Amino acid sequence: MLNFKNKLTIGRLDKVDFPEFNLEDLEVKIDSGAYTSSIHCVNIIEANTGAEKHIKFTLLDQNHPQYSGKEFVFKEYDVKIVKSSNGISEKRFLIKTKIILFDTEFPIYLTLTERSNMKFPVLLGRKFLNKKFVIDTSKKELSHVSKYK
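Since the model is a prediction, treat every value here as computed from it, not as a measurement.

Definitions and limits used
Residues numbered from 1 in each chain as written. Predicted model: local features only at pLDDT ≥ 70, side-chain atom pairs only at ≥ 80, totals over all residues. Heavy atoms only, no water. Helix = DSSP H or I, 4+ residues; strand = E, 2+ residues; numbered from the N terminus. Contact = heavy atoms within 4.5 Å. Phe/Tyr/Trp six-rings, centres within 6.5 Å; stacked < 30°, edge-to-face > 60°. Buried < 20%, exposed > 50% of the residue type's maximum accessible area, 1.4 Å probe, protein only. Lys NZ or Arg CZ within 6 Å of the ring centre and 35° of its normal.

## Section: the environment of Thr-111
Here Thr-111 shows up in strand 10 (residues 104-113). Through-space distance from the C-alpha of Thr-111 to that of Ser-89 is 13 Å; in sequence the pair is 22 residues apart. Discounting residues that sit within four places of it in the chain, Thr-111 has contacts with Thr-36, Ser-37, Ser-38, Ile-39, Lys-80, Val-82, Arg-92, Phe-93 and Leu-94.

Here it is, written out as C-alpha cells:
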C-alpha cells in the first residue's frame, strides 16, 4: 500500500523476514516511541580473538517456536546506550543486517537485548521507519498479507 509521498503504510504489528538469520514470518511490533529497533537475543557476549573483537549471541530463546540455538558472530558492531521505556539506561550492541517487508529488502540496525518477558521479539523503531513508512494503528500484518497474495 503506497500513500503519503510514496511511503508504505504499515500497521501496529507485522511479520517480517531476516534473511541473514534464516528467520521468516517473525512477529514485530511497530514502536514509534522507540528510536532504535531491537531484537530478542540470549547469551550476548563480547569477546576477543587475538587482536580482533567480536560479539556472539543466540537469537530468541528456547521458549520461542523459531528458536534454533544457532550462535551468530558479528565482527562489525557498535555499542549504544539505550534508555528503555522504564527510564533505565543500558549498554547494548548494535548490528547491521537486512529485513524484508513488503517484498523489499531494507538495511536495518538492531540493538541486541533480552526481551523474553515481552510479547514481541522485535521492535521496529523510528530510525528504521522514518521516511519509508506511515503507521496506521488500526491495521496489522499489511506486509505479511501482501507476501502471500
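On we go.
## Here we look at the packing of aromatic side chains
Taken as a whole and assessed by the stated rule, the structure comprises 11 aromatic pairs. A centroid spacing of 6.0 Å and a plane angle of 25 degrees characterise the contact between Phe-57 and Phe-72, whose relative ring orientation is stacked. On the criterion of sequence distance, the pair formed by Phe-57 in strand 6 (residues 52-59) and Phe-72 in strand 7 (residues 71-74) is long-range, its members being 15 residues apart. The same class applies to Phe-57 as to Phe-72, namely buried. Taken together, the ring pairs in this structure connect Phe-18, Phe-21, Phe-57, Phe-72 and Phe-74 into an aromatic cluster. Directly above the aromatic system of Tyr-109 lies the positively charged group of Lys-127, at a separation of 5.6 Å from the ring centroid. The ring centre of Phe-128 lies 4.7 Å from the NZ or CZ of Lys-132, which sits over that ring.

## Quick word on unusual backbone geometry
The backbone of Asp-25 shows a phi angle near 55 degrees, a positive value even though the residue is not glycine. Inspection of the secondary structure assignment puts Asp-25 in strand 4 (residues 23-30). Looking at Asp-25, the relative accessible area reads 21%, which means it is partly exposed. Within the chain, Glu-141 stands out as a residue other than glycine whose phi angle is a positive 55 degrees. With a relative accessible area of 24%, Glu-141 lands in the partly exposed category.

## A closer look at the environment of Val-122
Structurally, Val-122 is set in strand 11 (residues 122-124). Given the relative accessible area of 0%, Val-122 is considered buried. Between the C-alpha atom of Val-122 and that of Asp-25, which follows or precedes it by 97 residues, the distance is 11 Å. Discounting chain neighbours no more than four positions away, the residues touching Val-122 are Phe-18, Leu-26, Glu-27, Val-28, Lys-29, Ser-38, Ile-39 and Arg-115.

These values are about where atoms sit, not about what they do.
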